[in-house]
Amino acid sequence: MNNEYVTMWKELGLNLEAHDALLSVLGNAYKDIFLTQKDRPEGMGYFDFVMSEVHGLRIKELLDEKAQGRKIIGSYCVFVPEEIALAANATLVGLCSGADFVIEEVERYLPRNTCSLIKSAFGFKLGKVCPYLESADMVVGENTCDGKKKAYESLGSLVDNLYVMDLPQMKSGQGRDLLRNEYDRFKTAVEVLTDVAITPKSLKNAIKTVNAKRSALHRLSILRKADPVPISGLDALLANQVFFYDNPARFTESVNKICDELEKRIREKQGIAPERTPRILLSGCPMAVPNWKLPWIVETSGAVIVGEESCVGERGVRNLTRDSGTTVDELMDAITDRYFKVDCAIFTPNEDRLEHIVDMAKTYKADGVIHYGLQFCQPYIMESIPVEKALEDKGILCLRIETDYGMEDAGQVKTRVEAFIEQIKDGLRQNYC
Ligand code: BJ8
């Protein structure tokens, strides 16, 4: 272990023993799940490196930035605009929440029937194992689902720099006004934190930077329409996960580099699985690092994932922000318009999401959709029923999976996924006969 990193983690107040254990589990899972894949694009080497240094080099970079006076803002939701943070010379990082940690301690703060994502956020804090959380000068929570809303009340007693953003629940004029007001309030809070006044120029540049990141992922998504698919769903998910904490310019460059390679692969008909391998669209709750269970099960059961309708995926990056405004006010409006389109299941009604899922299934030529609901996540599990109906109405197969971060149900989930893939294969055989 690099001694410089150990000193850095100690200074951040991490529990070194627990942190070592986490890194070791993470490293082994990564080896077993990612590095055993065949025919990966060479460009994934960059993401392997990022993951191997996820608590090392990237944290050192952030702390070096902090030493120069830059502030770090941690976020749990894609409604927190990175553009505003960047425009005030701050760095926004996603706080992963993708693994269980110190569950017994967590359940002293939260009821047992809380989703794994919220429990994980508490576990990382209580277990003192997340250097991103401990580096953050501001941690932003948001009033999205009831679970998060109430959980932030308790998290406030553990995190002394928690900022809570209110969010609308309806896509109405009033809802948009609320979002715009909250973004103005957030902008002021960030300006106070950084002591930097946001200008039209800094906001425009920040919008361009984040648009470039999103455009690179759009490019990657489009390439997944090809058959054979040039990149696995696991690797594409990894790129979507790294989106949340890598340096923006470097991330954009690395994704574009992979896309160049994938274009060549497509020309040469080189894929990560043979042509006509069943194609799956994943839809539902976000999959934060290191939540790789379901994609791993799907891709070791004879199918490939061709898209993610998720906040760590297309829902999170779908739209770009207009950068044509010339005043802060106009640009803030453009930011509000862009984020107001995010179709999280906390909105009611949420017809747009159903349409997007059907569209995505068609665009990526998916043979079936697996809807992923985290246990105890009311919004997504409730919405999985209309999602299934909307898909069935269009003749698209759908499987609803409800699971958590534990591996106890992995066998059972695999059996259901395998049966679903067999059903798809039967359909494909009939179509080709
Ligand atoms: S915009 S999806 S990132 S809120 S899984 S905590 S919904 S009970 S994560 Fe999300 Fe923002 Fe929406 Fe996206 Fe609640 Fe469900 Fe848990 Fe969830």
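Bear in mind that the values here come from a model prediction, so they are computed numbers and not experimental data.

Going through the model one piece at a time under the given rule, you end up with 42 salt bridges. The shortest N-O distance in the salt bridge between Asp409 and Lys293 comes to 2.6 Å. With Asp409 in the loop between β8 (397–403) and α19 (410–432) and Lys293 in helix α14 (residues 293–299), this pair connects stretches of sequence that are 116 residues apart. Overall, Asp409 belongs to the buried group, its relative accessible area being 15%.

Turning our attention to the site of the ligand. Taken together, 16 residues surround the ligand, and among them Cys115, Cys145, Cys311, Cys344 and Cys377 come closest. Two domains each put at least three residues into the shell around the ligand: domain 1 (3–168) and domain 2 (205–319 + 345–432).

A few words now on the packing of helix α7 (residues 116–126) against helix α9 (residues 146–155). Their axes nearest at 10 Å, the elements α7 and α9 cross at an angle of 15 degrees. The pairing of α7 with α9 is recorded here as roughly parallel in orientation. As α7 runs across α9, the sense of the crossing is right-handed. The residues of α9 that touch α7, namely those facing Leu117, Ile118 and Phe122, are Gly147, Lys148, Ala151, Ser154 and Leu155. A breakdown of the residues in the contact of α7 with α9 according to their chemical character gives 5 nonpolar, 2 polar and 1 charged.

Further remarks concern the domain arrangement of the protein chain. Per the domain assignment, the segments making up the protein chain are domain 1 (3–168) and domain 2 (205–319 + 345–432). Distance from the C-alpha centre of domain 1 to the C-alpha centre of domain 2: 23 Å. Contact with domain 1, which involves 45 residues of that partner, is made by 49 residues of domain 2. Counting each side, the surface lost to burial between domain 1 and domain 2 is near 4,000 Å², with a carbon and sulfur contribution of 70%. In this assembly, domain 1 and domain 2 are joined by 4 salt bridges. With a shortest N-O distance of 3.1 Å, Glu83 and Arg214 are connected by a salt bridge. Joining domain 1 to domain 2, the criterion identifies 17 residue pairs in polar contact (both at pLDDT 80 or more). Those elements that place two or more of their residues in the side of domain 1 that touches domain 2 are α2 (16–35), α3 (44–52), α4 (57–67), α5 (82–87), β2 (90–94) and α7. A class-by-class count of the residues in the side of domain 1 that touches domain 2 yields 25 nonpolar, 10 polar and 10 charged.

Time to look at the side chain of His19. You can see His19 is positioned in helix α2. The exposure class assigned to His19 is buried, which follows from its relative accessible area of 0%. Beyond its immediate stretch of four places on either side in the chain, His19 contacts Trp9, Leu14, His55, Val129 and Pro131.

This part takes up the pairing of strand β5 (residues 279–284). In terms of residue burial, β5 counts as a mostly covered element, since 6 of its 6 residues are buried. Burial along β5 is two-sided: the face carrying Arg279, Leu281 and Ser283 and the face carrying Ile280, Leu282 and Gly284 are both buried. Relative to strand β6 (residues 304–309), β5 runs parallel, the two sharing 5 bridges. Within the sheet, the bridge partner assigned to Ser283 lies in β6 and is Glu309. Handedness of the crossover joining β5 and β6 through α14 is recorded here as right-handed.

Next up on the list: helix α1 (residues 3–11). The complete set of buried residues in α1 reads Tyr5, Met8 and Trp9. Projected onto a plane normal to the axis of α1, the buried residues spread over an arc of 95 degrees and lie on a single side. Exposed and oriented more than 90 degrees from the buried face of α1 are Asn3, Lys10 and Glu11. Residue Gly13 follows α1 closely and has a positive phi angle near 85 degrees.

With that settled, the discussion passes to a negative patch on the surface. Among the surface-exposed residues, Glu351, Asp352, Glu355 and Asp359 lie close enough to one another that they form a single negatively charged patch. With respect to the helices and strands, the residue Asp359 is situated in helix α17 (residues 351–363). The exposure class assigned to Asp359 is partly exposed, which follows from its relative accessible area of 44%.

Inspection of the entire model under this criterion finds 16 aromatic pairs. When the ring of Phe47 is compared with that of Phe251, the centres are 6.3 Å apart and the planes differ by 85 degrees; the resulting orientation is edge-to-face. Of this pair, Phe47 sits in helix α3 while Phe251 sits in helix α13 (residues 248–267), and the two are 204 residues apart along the sequence. Judged by centre distance (5.5 Å) and plane angle (50 degrees), the ring pair of Tyr132 and Tyr245 falls under tilted.

Attention shifts here to the sheet that holds β6. Ordered by their spatial adjacency, 4 strands build an open sheet running β6-β5-β7-β8, and the pairing between neighbours is parallel. Both edges of this open sheet fall to β6 and β8, since each of them pairs with a single strand only. In this sheet, adjacent strand axes meet at a mean angle of 25 degrees when their direction is disregarded.

Here the focus is the packing of helix α11 (residues 200–223) against helix α16 (residues 328–340). Any two packed helices are characterised by the angle at which their axes cross and by the distance between the axes. One way to put it is that α11 packs onto α16 with a least axis distance of 9 Å and a crossing angle of 25 degrees. Considering the angle they form, α11 stands roughly parallel to α16. Like other packed secondary-structure pairs, α11 and α16 cross with a definite hand, here left-handed. Contacts between α11 and α16 involve Pro200, Leu203, Lys204, Ile207 and Arg214 on the former and, on the latter, Val328, Leu331, Met332, Ile335, Arg338 and Tyr339.

Calculation criteria
Residues numbered from 1 in each chain as written. Predicted model: local features only at pLDDT ≥ 70, side-chain atom pairs only at ≥ 80, totals over all residues. Heavy atoms only, no water. Salt bridge = Lys/Arg side-chain N within 4 Å of Asp/Glu carboxyl O. Helix = DSSP H or I, 4+ residues; strand = E, 2+ residues; numbered from the N terminus. Buried < 20%, exposed > 50% of the residue type's maximum accessible area, 1.4 Å probe, protein only. Near = heavy atom within 4 Å. Domains from an automatic or database assignment. Axes fitted to C-alpha atoms, helices over the stretch in contact; angles between N-to-C directions. Parallel < 35°, antiparallel > 145°, perpendicular 65-115°, else oblique. Left-handed = near helix turned anticlockwise from the far one by under 90°. Contact = heavy atoms within 4.5 Å. Nonpolar A, V, L, I, M, F, W, Y, C, P; charged D, E, K, R; others polar. Buried area = accessible area lost by both parts, 1.4 Å probe. Polar contact = N/O pair within 3.5 Å; in protein donor to acceptor, adjacent residues only side chain to side chain. Pairing = 2+ DSSP bridges. Right-handed = clockwise from strand over helix to strand, strands pointing away. Arc of directions from axis to C-beta. Patch = residues over 30% accessible without salt bridge, like charges linked within 9 Å, V, L, I, M, F, W, Y side chains within 5 Å. Areas by Shrake-Rupley, 256 points an atom, 1.4 Å probe, with all protein chains shown as cover. Lys, Arg positive; Asp, Glu negative; His and termini not counted. Charge placed at Lys NZ, Arg CZ, Asp CG, Glu CD. Phe/Tyr/Trp six-rings, centres within 6.5 Å; stacked < 30°, edge-to-face > 60°.

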